[in-house]
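An overview of the molecular structure
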Amino acid sequence: MQTAFIGGGHMASALLGGALADGAPRERFIVAEPLAAQRERLQREFAVRVVERSSEAVADADVLVLAVKPQQMGAVARELEPVIGNRRRLLVSVAAGLRCADLARAFGPLHAIVRSMPNRPALIGAGITALYAGPDVDAAERAQAEAILRACGDTVWLTDERQMDAVTAVSGSGPAYFFLVIEALEAAGIAEGLAPEVARRLAIATAHGAGLLAQQGSGTPAELRESVTSRGGTTAAALAVLEGGGLRTMFARAVAAATRRSTELGDELAGR
Ligand SMILES: NC(=O)c1ccc[n+]([C@@H]2O[C@H](COP(=O)([O-])OP(=O)(O)OC[C@H]3O[C@@H](n4cnc5c(N)ncnc54)[C@H](OP(=O)(O)O)[C@@H]3O)[C@@H](O)[C@H]2O)c1
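Presented here is a report on the structure given in the accompanying data block. (Residues numbered from 1 in each chain as written. Predicted model: local features only at pLDDT ≥ 70, side-chain atom pairs only at ≥ 80, totals over all residues. Heavy atoms only, no water.)

**A word on unusual backbone geometry**
- The phi torsion at A47 lies on the positive side, around 50°, for a residue other than glycine.
- By the element assignment, A47 lies in the loop between helix 2 (36–46) and strand 3 (49–51). (Helix = DSSP H or I, 4+ residues; strand = E, 2+ residues; numbered from the N terminus.)

Here it is in structure tokens:
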């Protein structure tokens, strides 16, 4: 399967680097990237074919990974639509907010379109990506799309494209919520007398360790929380403050606000 990356920025580099590290042959890939400095970097880092214009990259490509900014997608489609119209390709978009129907309208109805929403930790192989494919995308095409995103971490399929807005609010924007928690925990540690670098290391390592434990699945997050909370102890004292201060309600409101904003941005991109 020849795969063309359209756009050679952060996300394309992460996906390409992951695929090569997993043993995919580099001859399978070509990257279209307009910036000369980026092209040089891609060549140096990955030793794959790199071209300037996206129309030069797609003639033999069965799979196109659309890794440009959402605002750049219209120009990419205008350039590619006449070139790829001769046969069906698998188009995998990582662009936030662009819906399958809008991509089909821009690139033509012949193609298999899979929309995905990765998140920032994907850049270090620790991401989670939600994927959505319309009913005309077959199992083999879904598997190909999933394999591309698996190079950057975990994947999950959605059955309803509208859920992408909630995904954007939970895992897309989510890293920022955890950075905020780390910042707050660090500041609180400093306020209790810890040296700043010690407080930061404690906060980051604790977030990392808690995430790993939760991921191992030896209990639900609630069970894990209960297992580290003795009645009348220090953790219970802290959790009483967080629960009493309305942390859960705050998260519900924050995620609802992000979901609404994601829908609005999708509407703006679609010109509605
Ligand atoms: N990075 C993340 O954490 C993240 C997370 C989730 C989703 N995403 C999505 O992933 C997409 C890519 O994000 P990114 O962070 O990788 O952005 P990026 O680093 O800016 O990469 C996009 C690249 O595409 C290039 N490009 C622009 N027009 C092109 C064209 N016509 N043909 C070929 N290449 C073209 C850009 O070149 P110029 O610099 O010259 O414009 C840039 O190098 C975005 O749609 C974003 O929503 C990113």
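There's plenty left to go through after this.
**Some points on the environment of P118**
- Its location among the elements puts P118 in the loop between strand 6 (112–117) and strand 7 (127–133).
- A relative accessible area of 7% places P118 in the buried class.
- Sequence spacing of P118 and C152 is 34 residues, and the spatial spacing of their C-alpha atoms is 8.5 Å.
- If we skip the residues at most four places from it in the chain, P118 touches M11, V94, I128 and T129. (Buried < 20%, exposed > 50% of the residue type's maximum accessible area, 1.4 Å probe, protein only. Contact = heavy atoms within 4.5 Å.)

**Some points on the site of the ligand**
- Surrounding the ligand, one finds 23 residues, the nearest of these being M11, E33, V68, K69 and R120.
- Contacts to the ligand include G7, whose backbone N or O atom sits 3.4 Å from a nitrogen atom.
- At 3.4 Å, a side-chain N or O of Q38 approaches an oxygen atom of the ligand.
- Expressed as a share of its isolated accessible area of 890 Å², the protein-covered part of the ligand is 82%.
- Of the residues assigned to the shell around the ligand, the class counts are 13 nonpolar, seven polar and three charged. (Near = heavy atom within 4 Å. Polar contact = N/O pair within 3.5 Å; in protein donor to acceptor, adjacent residues only side chain to side chain. Areas by Shrake-Rupley, 256 points an atom, 1.4 Å probe, with all protein chains shown as cover. Nonpolar A, V, L, I, M, F, W, Y, C, P; charged D, E, K, R; others polar.)

**Some words on the sheet that holds strand 4 (residues 63–66)**
- The eight strands lie next to each other as 3-2-1-4-5-6-7-8, forming an open sheet whose pairing is mixed. Looking at strand neighbours, the two that pair on one side only are strand 3 and strand 8 (153–157), the edges of this open sheet. Adjacent strand axes in the sheet meet at a mean angle of 20° when their direction is disregarded.
- In the sheet, strand 2 (residues 29–32) pairs with strand 3 via three bridges, with the strands oriented parallel. (Pairing = 2+ DSSP bridges. Axes fitted to C-alpha atoms, helices over the stretch in contact; angles between N-to-C directions.)

**Considering the packing of helix 1 (residues 10–21) against helix 2**
- As a packed pair, helix 1 and helix 2 sit with axes 11 Å apart at the nearest point and diverge in direction by 15°. The orientation of helix 1 with respect to helix 2, classified from their angle, is roughly parallel. For the crossing formed where helix 1 meets helix 2, the hand is right-handed. Facing S13, L16, G17 and L20 of helix 1, the residues of helix 2 in contact are R41, L42 and F46.
- Among the residues making up the contact of helix 1 with helix 2, the classes are represented as four nonpolar, two polar and one charged. (Parallel < 35°, antiparallel > 145°, perpendicular 65-115°, else oblique. Left-handed = near helix turned anticlockwise from the far one by under 90°.)

**What about the pattern of salt bridges?**
- Using the criterion set out here, one finds 14 salt bridges in the structure.
- Residues D102 and R105 are paired through a salt bridge, measuring 2.9 Å at the closest nitrogen-oxygen approach. Here D102 and its partner R105 are both found in helix 4 (residues 100–107), three residues apart, which amounts to about one turn of the helix.
- The exposure class assigned to D102 is buried, which follows from its relative accessible area of 11%.
- Close ionic contact of E161 with R115 constitutes a salt bridge, the shortest N to O distance being 2.8 Å. (Salt bridge = Lys/Arg side-chain N within 4 Å of Asp/Glu carboxyl O.)

**Here's the deal with the side chain of S93**
- Mapped onto the elements, S93 comes out in strand 5 (residues 90–93).
- Polar contacts involving the side chain of S93 include one to the main-chain amide nitrogen of A95, which spans 3.1 Å.
- In this structure S93 touches L66, M73, L103, V114, R115 and S116, once residues within four positions along its chain are discounted.

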